[in-house]
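One-letter residues, chain by chain:
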Amino acid sequence: MSELLSYFGIESKNIKKTCVICQSSDQTLFSELGPAETFTGLFAKVNNYESATIISTKNNFLVGDIVLYLKDTACENIVLFGSCGGAGEVKIGDKLIVKKVFNFESFSEMLEMKRNPDSYYPSASLVGEFLLKNSKLDIQHVKCATTSSLFLEKKYKDWFSKNKINAVDMECSSVFSASCSINKKAIALFYITDIVGVNEPFGNDVEQSQKSAILKARQALAKSICNFINDGQQHFIY
């Protein structure tokens with residue numbers, strides 16, 4: 001039995017050209033892609049459509065592994081989709097596409113306040129094709145910081161401000177670095193569910209209007225991904 005089958009419930013030969021990595025709560029947003037086969041492994045659940053493979057996991061620390069396991073498959077394009085914290089001039093419910101991400105994945109280095117992180121970038125061609133297919137989508141191009149601590153990220157608010165960071169997540173730098181290492185293209189699309197240092201504890205004091213904005217953002221981004229996949233996803237720019 002292959003590791004991919006054991007860990008994610010699907011055989012390598014069944015992985016599609018476009019793979020979306022998302023939270024388990026977002027997986028059902030892609031139902032308009034059509035009928036799907038569902039697979040469950042030790043670490044992830046997979047909905048496999050004719051045109052795309054949707055992979056969800058509750059363990060964000062395994063997202064880099066998910067990407068690496070896609071190396072010897074038909075996957076060429078990876079879309080990271082999900083929620084993030086906001087910083088700076090953004091608000092709850094905003095839709096974001098990442099143009100650069102800083103690596104704060106090490107808890108120990110964050111604790112020691114080391115502030116010279118490596119940075120990674122999405123595939124410029126994949127970003128361009130996605131935006132071309134979704135020219136009417138209201139989306140902001142942002143810099144992101146990937147952290148491993150909700151507690152420590154609040155201590156970096158000044159650093160985030162100085163470096164014009166508008167998104168804080170726990171997966172993006174892993175996905176971009178892992179994708180680059182196996183020669184796959186990747187982009188990241190986020191919706192903001194909280195503001196760092198404001199909605200504490202995490203996600204607290206979110207008004208009903210903000211909850212509605214989050215739902216609309218989730219649905220709009222998922223629809224834009226479906227449009228991208230359905231509208232000639234075989235014609236990527238190289």
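Please refer to the structure higher up on the page.
The structure reproduced in this document is the subject of the present report.

**Concerning the packing of aromatic side chains**
Considering all chains together, one arrives at 12 aromatic pairs under this definition. Here Phe130 and Phe228 contribute two aromatic rings whose centre-to-centre distance is 5.7 Å and whose plane-to-plane angle is 75°, an arrangement assigned as edge-to-face. Note that Phe130 is positioned in helix H4 (residues 124-133) and Phe228 in helix H8 (residues 208-230), a separation of 98 residues in sequence. Grouping residues by exposure puts Phe130 and Phe228 together as buried. Taken together through their ring pairs, the aromatic side chains of Phe102, Phe104, Tyr156, Trp159 and Phe160 make up a single cluster. The residue whose ring lies beneath Arg115 is Tyr156, and the NZ or CZ to ring-centre distance is 5.3 Å.

**Some details on the pattern of salt bridges**
Per the counting criterion, the structure on display carries six salt bridges. Where Lys223 meets Glu32, a salt bridge forms, and the shortest distance between an N and an O atom there is 3.9 Å. Of this pair, Lys223 sits in helix H8 while Glu32 sits in the loop between strand S1 (18-22) and strand S2 (37-40), and the two are 191 residues apart along the sequence. Take Lys223: its relative accessible area is 43%, and that puts it in the partly exposed class. For Glu32, a relative accessible area of 42% translates into the label partly exposed. Asp94 is the partner of Lys91 in a salt bridge, and the nearest nitrogen-oxygen pair spans 2.9 Å. By relative accessible area, which is 53% here, Lys91 ends up exposed.

**Concerning unusual backbone geometry**
In the Ramachandran plot, Met113 falls in the positive-phi region, its phi being about 60° despite a non-glycine side chain. Assignment of secondary structure puts Met113 in the loop between helix H3 (107-111) and strand S7 (119-120). By relative accessible area, which is 31% here, Met113 ends up partly exposed. In this structure, Lys164 takes a positive phi of about 55° despite not being glycine.

About the thresholds
Residues numbered from 1 in each chain as written. Predicted model: local features only at pLDDT ≥ 70, side-chain atom pairs only at ≥ 80, totals over all residues. Heavy atoms only, no water. Phe/Tyr/Trp six-rings, centres within 6.5 Å; stacked < 30°, edge-to-face > 60°. Helix = DSSP H or I, 4+ residues; strand = E, 2+ residues; numbered from the N terminus. Buried < 20%, exposed > 50% of the residue type's maximum accessible area, 1.4 Å probe, protein only. Lys NZ or Arg CZ within 6 Å of the ring centre and 35° of its normal. Salt bridge = Lys/Arg side-chain N within 4 Å of Asp/Glu carboxyl O.

The analysis is restricted to geometry; functional conclusions fall outside its scope.
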